[in-house]
Amino acid sequence: MIVQDTSVFAPDSPQARAIERLFYFDLAIAAVIFAAVAGLVIAAVVRFRYRPGAPLPRQDEGNPKLETAWTIIPALILTALFIGTWRTMVFVNPPLHGRKPGMVVTAHQWWWEFRYPHSGVVTANELHLPVRVTSLLEVRTADVIHDFWVPDLGAKVDAIPNHPNYLWTKPSQTGIFLGTCAEFCGNEHALMGIRVIVQEPAAFSAWIQSQLVVPATPTNGVAGAGAKLFLTRTCENCHTIAGTAAKGTFGPNLTHLADRETIGAGVITNGLTNLTAWIHNPDRFKPGIYMPNLHLTESEAHAIAVYLEGLR
Ligand code: CUA
């Protein structure tokens, strides 16, 4: 799948397009005001500049026509800006009218959890959405304030403790859309990437079904050894893997880790070598990360990586 141009100037949803239109509308008004004010200042400087012996220019005080004009014109400008903003807000963030969100985004220091309440699927950092379908996302946080922002798909949405916010989006084409956390949230704020994978509805349904499959736990070989290590070396305290005793929720759900393209909220690509290095010392890729260095040997880290890379 292609990674789409990530930019507020290349919107890929009606919601993001509405925000772009509002931006250009406000920019045009600001440009006219700038040109008028700058033009008048320049005209005044040139025409009325000091000349030796010249009389003072005509003094205009208490001119009712002028004062009425410069009260009414700004009032009209502000009214136009207000109407534009209000219309955009109503379109981008309409009332829920009892609709339940199809996706629940929970921001964590420093990764994203994505839950699909209708099916029970839980994944991390890579959000799948159907194309040409209006999705409603609920945005929450498990700790501090974060901000979910995928510029192509719509508004920035703050993730505020104990106050769910909502994002409506109707992606207009398939592909991978990149986003990031847009509110400073600690050490790794800059390494809190979002990948949104927009698929045809049939492919999206197939993906949901694939995520519901409980992967078999290997019992022998390197993968079997890795599974044992995973369940005995405290990994399971923070991570969940369906079909095993691992039920932790502090870190990302790893049930289908091998399906993801990246590790650590987008910091490195997913693969055996990278995953082994990550398990060995996650701090190397994400300084300050809450995932501890468990001081595993190279072969232990490798075995766990082999196990996790088999989870499809
Ligand atoms: Cu999360 Cu910034």
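Residues numbered from 1 in each chain as written. Predicted model: local features only at pLDDT ≥ 70, side-chain atom pairs only at ≥ 80, totals over all residues. Heavy atoms only, no water.

The next thing to look at is helix α3 (residues 201–212). With 12 residues, α3 extends 17 Å between its outermost C-alpha atoms, agreeing within 8% with the 16 Å of an ideal straight helix rising 1.5 Å per residue. The complete set of buried residues in α3 reads F204, W207, I208 and Q211. Along the long axis of α3, the arc covered by the buried residues comes to 100°, so they all point the same way. Those residues of α3 that are buried are in contact with β1 (103–108), β2 (111–116), β3 (121–124), β4 (126–130) and β10 (193–199). (Helix = DSSP H or I, 4+ residues; strand = E, 2+ residues; numbered from the N terminus. Expected span 1.5 Å × (residues − 1). Buried < 20%, exposed > 50% of the residue type's maximum accessible area, 1.4 Å probe, protein only. Arc of directions from axis to C-beta. Contact = heavy atoms within 4.5 Å.)

Moving on: the pattern of salt bridges. Oppositely charged side chains are able to pair whenever their charged atoms sit close together. Scanning all chains against the criterion turns up seven salt bridges. Residue E261 pairs with R195 through a salt bridge whose shortest N-O separation is 2.7 Å. You can see E261 sitting in the loop between α4 (221–232) and β11 (262–263) and its partner R195 sitting in strand β10, a full 66 residues away along the chain. For E261, a relative accessible area of 36% corresponds to the partly exposed category. A relative accessible area of 17% means that R195 is categorised as buried. Notably, a salt bridge pairs D259 with R312, separated by 3.3 Å at the nearest N-O pair. (Salt bridge = Lys/Arg side-chain N within 4 Å of Asp/Glu carboxyl O.)

Let's shift gears to the pairing of β2. Within β2, five of the six residues are buried, which leaves it mostly tucked inside the rest of the structure. Pairing between β2 and β3: four bridges, direction antiparallel. Across the sheet, the residue bridging to F114 is T123, located in β3. Hairpin connection between β2 and β3: a loop of four residues separates the two successive antiparallel strands, and G120 in this loop has a positive phi of roughly 90°. (Pairing = 2+ DSSP bridges.)

Moving on: unusual backbone geometry. Between Q109 and W110 the backbone carries a cis peptide bond, its omega angle lying at 0°. Structurally, W110 can be placed in the loop between β1 and β2. Its identity is not glycine, yet H97 carries a phi of approximately 50°, on the positive side. Its place among the elements puts H97 in the loop between α2 (64–92) and β1. Assessed through its relative accessible area of 73%, H97 is described here as exposed.

Glancing now at the nonpolar core. Counting residues in hydrophobic clusters, the biggest one holds 29 residues, and the most contacted among them are W112, Y116, L127, F148 and V196. Of all the secondary-structure elements, those providing two or more residues to this core are β1, β2, β4, β5 (135–141), β7 (157–159), β9 (175–181), β10 and α3. Residues within four places of V196 in sequence aside, it is in contact with L127, L129, V150, L153, G175, I176 and F177. If you look at the next biggest cluster of nonpolar residues, it comprises 24 residues, including I241, I268, A305 and L311. (Core = buried A, V, L, I, M, F, W, Y, C linked by side-chain atoms within 4.5 Å.)

On to a nonpolar patch on the surface, then. A cluster of nonpolar side chains, namely I33, V37, V41, I42, V45 and V46, defines an oily patch on the protein surface of about 520 Å² accessible area. For V41, the position within the fold is in helix α1 (residues 14–47). A relative accessible area of 48% places V41 in the partly exposed class. (Patch = residues over 30% accessible without salt bridge, like charges linked within 9 Å, V, L, I, M, F, W, Y side chains within 5 Å. Areas by Shrake-Rupley, 256 points an atom, 1.4 Å probe, with all protein chains shown as cover.)

The analysis is restricted to geometry; functional conclusions fall outside its scope.
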